[in-house]
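Descriptive structure summary
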Amino acid sequence: RLLPAPSEGMDRASVEAQDAVHWRDPKFRHFRDELDSALQQFERAQEWADLIRYLQRLQRVLTKYSQLPVIPDKILVAKRLFQCLNSSLPSGVHLTTLQTYELIFSRIGSARLARDLAFYTEGIFTLYRHAAYQVKPVLLDLFERHFVTLGAAVVPCLPGLVMALLTAMEDVGSEYHSRAIRLLDQLASGIPIEPFMSAVWGCLLRNSSVRLQALNYINLRFPPALAPLGSPAPDSNGTPSTAGAAAAGGAAGAGGGNGGACGAGPSGVASCCTSPGDDIGERLPVSRRAFCPDAQGSVLRSLIVALQQGDSLVRRTALELLVTHFPLPAGPASSEERPFGAVGRLMDAAGLGMLTPSRAAATSAGKSRGQILTPSAAGSRPPRLVGDEEQLFSDTDFTTLLRVALTLLPLCEWSLSRRVLFWVFRSPPPHVSSGVNLALPQDAAP
């Protein structure tokens, strides 16, 4: 039976001092010799059954000296365990390896684990994607007991941990999906929100395998937006006005409809993004600025990459994110601006002039869909204030997003075209058979 880890709540200096005491223990020398002998056997492994046998011997040695919370030659131990997590090995080897990790983590405690994260996390975070069905719950148990509970100390390995949990969200409708969301929420509440959301947006930007899951989680937990410029204020009971309710209903219409693989609820979030047991209404109690750190950098690039390089489902989910949480500015038009107001100014900045569906399709067809567009310094305006909070994107950023979104119209996919037009004109377009020859809404006609 393992003794309670004595390193709980200790700082690094105290842990180092305690380790020095254990190194002088007479039992430590015997522990180190037996552990070296067990590790040398891994070099003679001929088949996967040998690895299971050697791992079991390693576990017996660790259990024999359970009163010592330190691991001799921890780098070599972590290397052997990493080799046993190879994707070509059967699930039996993976399970025995995870049992060994559990034995080590329970033994050394959270303070030593936080110090040695660079050694012990090799191979664990990438295991879920090729793990067998019986290995996945054991791996999630390991994350929940030893990584999520580290608090701020988990930040150095946060990108890998977030990617592993987003991978678990791929099993929509299963217990793993809801459990992964719960673990992500625990991470968000236990550490500063900025590094956590930087890891989520980073997965959206750099990892195509979890791009859809990252968008789903962002849609699910995006903090509620304040009233946009020009929108009616709620009444005395806190109920949105009729116009606001109509806009919410229009967002739902933009998400659904035939041609779309996923419908949208009243919040505009795709219904296929969540399982029935998820709490869709629970938003993170943080500001939009904290939820989108580096909004004009990594967040903007993540949305552009999702629109340009994603598959059809990723693009639809990204457009729903724009419709629901990044609406185009609705400021009043000045006397010298065109009737479209702020949206018209953005179209002019994008070089689109008077937009009609056919002209938008022709203009978009000439733009490269493989190159990531970057904002231009010309015509840049500072971000506006939305209620009590600064708007995340400037006019230049919205212009870049608008140009990228319009490149989706020539694809002739109704599920994409209706979302693009709803984002631009704030009302669902009437249903027609083609995604290019769409009639403009009546209030948006020039």
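Owing to the predicted nature of the structure, the values given are computational and were not obtained by experimental measurement.

Observations regarding the overall build of the chain
Along the chain, the regular secondary structure elements total 19 helices and two strands. Looking at the 446 residues of the chain, the share that counts as buried comes to 51%. Residue pairs in contact within the chain that sit at least 24 positions apart in sequence constitute 70% of those at least 6 positions apart. For the chain, the accessible area works out to roughly 19,300 Å², and carbon and sulfur atoms hold 54% of it.

A few points about the packing of aromatic side chains
By the definition in use, this model includes 14 aromatic pairs. Look at Y101 and F105: their rings are 5.6 Å apart centre to centre, the planes differ by 40°, and that puts the pair in the tilted class. Within this pair, Y101 and its partner F105 are both found in helix 5 (residues 91–115), separated by four residues, close to a single helical turn. Comparing Y101 with F105, the two get one shared label, buried. Ring geometry for F105 against F147: centres 5.7 Å apart, planes inclined by 90°, an arrangement best described as edge-to-face. Here F105, found in helix 5, pairs with F147, found in helix 7 (residues 136–147); they are 42 residues apart in sequence, far enough to count as distant. By relative accessible area, F147 is classed as buried at 0%. Chaining the aromatic ring pairs together yields one cluster made of Y101, F105, Y120, F125, F143 and F147.

Some details on the confidence of the model for the chain
Atomic detail in the predicted coordinates should be set aside for any region of low pLDDT. Per-chain confidence: the chain averages 75 in pLDDT, with 66% of residues scoring 70 or above. Summarising per-element confidence for the chain, the mean pLDDT is lowest in helix 12 (residues 242–255) (40) and highest in helix 7 (96). Low pLDDT, under 50, characterises residues 227–281; the predicted model gives this stretch 81 contacts beyond four residues in sequence or across chains. Across residues 431–441, where pLDDT falls below 50, the model places 28 contacts with residues more than four positions away in sequence or in other chains.

With respect to the environment of C84
Among the structural elements, C84 can be located in the loop between helix 4 (74–83) and helix 5. When the C-alpha positions of C84 and I52 are compared, they lie 8.9 Å apart, and in sequence the two are 32 residues distant. Residues in contact with C84, not counting those within four places in the same chain, are F42, L51, L55, L89, V93, H94 and T97.

Thoughts on unusual backbone geometry
Glycine aside, residues mostly have negative phi, and peptide bonds are mostly found in the trans state. Of note, D294 is a non-glycine position whose phi angle comes to about 55°, a positive value. Looking at the secondary structure, you find D294 in the loop between helix 13 (288–291) and helix 14 (295–309). Positive phi outside glycine occurs at C412, with the angle close to 60°. Summarising the element assignment, C412 is placed in the loop between helix 18 (395–406) and helix 19 (414–425). Judged by relative accessible area, which is 47%, C412 ranks as partly exposed.

A word on the pattern of salt bridges
Inspection of every chain in the model, using the stated rule, returns 13 salt bridges. In this structure, the salt-bridge partner of D116 is K74, at a minimum N-O distance of 3.0 Å. One end of the pair, D116, is in the loop between helix 5 and helix 6 (117–120); the other, K74, is in helix 4, and 42 residues separate them in sequence. You can call K74 partly exposed: its relative accessible area is 24%. Close ionic contact of E144 with R182 constitutes a salt bridge, the shortest N to O distance being 3.1 Å. Of this pair, E144 sits in helix 7 while R182 is found in helix 9 (residues 175–190), placing the two residues 38 residues apart along the sequence. Of the residues examined, R182 reaches a relative accessible area of 36% and is grouped as partly exposed. Through salt bridges with shared partners, a single network forms among D141, E144, R179 and R182.

Notes on helix 4
Turning to helix 4, its buried residues are V77, A78, R80 and L81. Buried residues of helix 4, seen end-on, are gathered within an arc of 160° and therefore sit on one face of the element. The inward-facing, buried residues of helix 4 abut helix 2 (26–40), helix 3 (48–64), helix 5 and helix 6.

Quick look at the environment of F28
Relative to the assigned elements, F28 resides in helix 2. In this structure the C-alpha to C-alpha distance between F28 and Y65, which are 37 residues apart in sequence, comes to 8.4 Å. If we ignore the near neighbours within four places in the chain, the residues touching F28 are H22, W23, L68, V70 and P72.

Considerations on the environment of L321
Here L321 is to be found in helix 15 (residues 312–325). Residue classification places L321 among the buried positions, given a relative accessible area of 0%. L321 sits 99 residues away from F222 along the chain, and the two C-alpha atoms are 9.2 Å apart. Dropping the residues within four chain positions of it, L321 is found in contact with W201, L215, I218, N219, F222, L303 and F326.

A few points about the side chain of D50
Assignment of secondary structure puts D50 in helix 3. Judged by relative accessible area, which is 9%, D50 ranks as buried. For D50, the side chain forms a polar contact with the main-chain nitrogen of Q46, separated by 2.9 Å.

Concerning the packing of helix 15 against helix 19
Remark: helix 15 packs on helix 19, axes separated minimally by 9 Å, with the N-to-C direction vectors making an angle of 15°. If you check the angle between helix 15 and helix 19, you find them roughly parallel. Viewed along their axes, helix 15 and helix 19 form a crossing whose handedness is left-handed. Contacts between helix 15 and helix 19 involve S312, R315, R316, L319, E320, L322 and V323 on the former and, on the latter, S415, L416, R419, V420, F422 and W423. In terms of residue class, the contact of helix 15 with helix 19 is built from seven nonpolar, two polar and four charged.

About the thresholds
Residues numbered from 1 in each chain as written. Predicted model: local features only at pLDDT ≥ 70, side-chain atom pairs only at ≥ 80, totals over all residues. Heavy atoms only, no water. Helix = DSSP H or I, 4+ residues; strand = E, 2+ residues; numbered from the N terminus. Buried < 20%, exposed > 50% of the residue type's maximum accessible area, 1.4 Å probe, protein only. Contact = heavy atoms within 4.5 Å. Areas by Shrake-Rupley, 256 points an atom, 1.4 Å probe, with all protein chains shown as cover. Phe/Tyr/Trp six-rings, centres within 6.5 Å; stacked < 30°, edge-to-face > 60°. pLDDT = per-residue confidence, 0-100. Salt bridge = Lys/Arg side-chain N within 4 Å of Asp/Glu carboxyl O. Arc of directions from axis to C-beta. Polar contact = N/O pair within 3.5 Å; in protein donor to acceptor, adjacent residues only side chain to side chain. Axes fitted to C-alpha atoms, helices over the stretch in contact; angles between N-to-C directions. Parallel < 35°, antiparallel > 145°, perpendicular 65-115°, else oblique. Left-handed = near helix turned anticlockwise from the far one by under 90°. Nonpolar A, V, L, I, M, F, W, Y, C, P; charged D, E, K, R; others polar.

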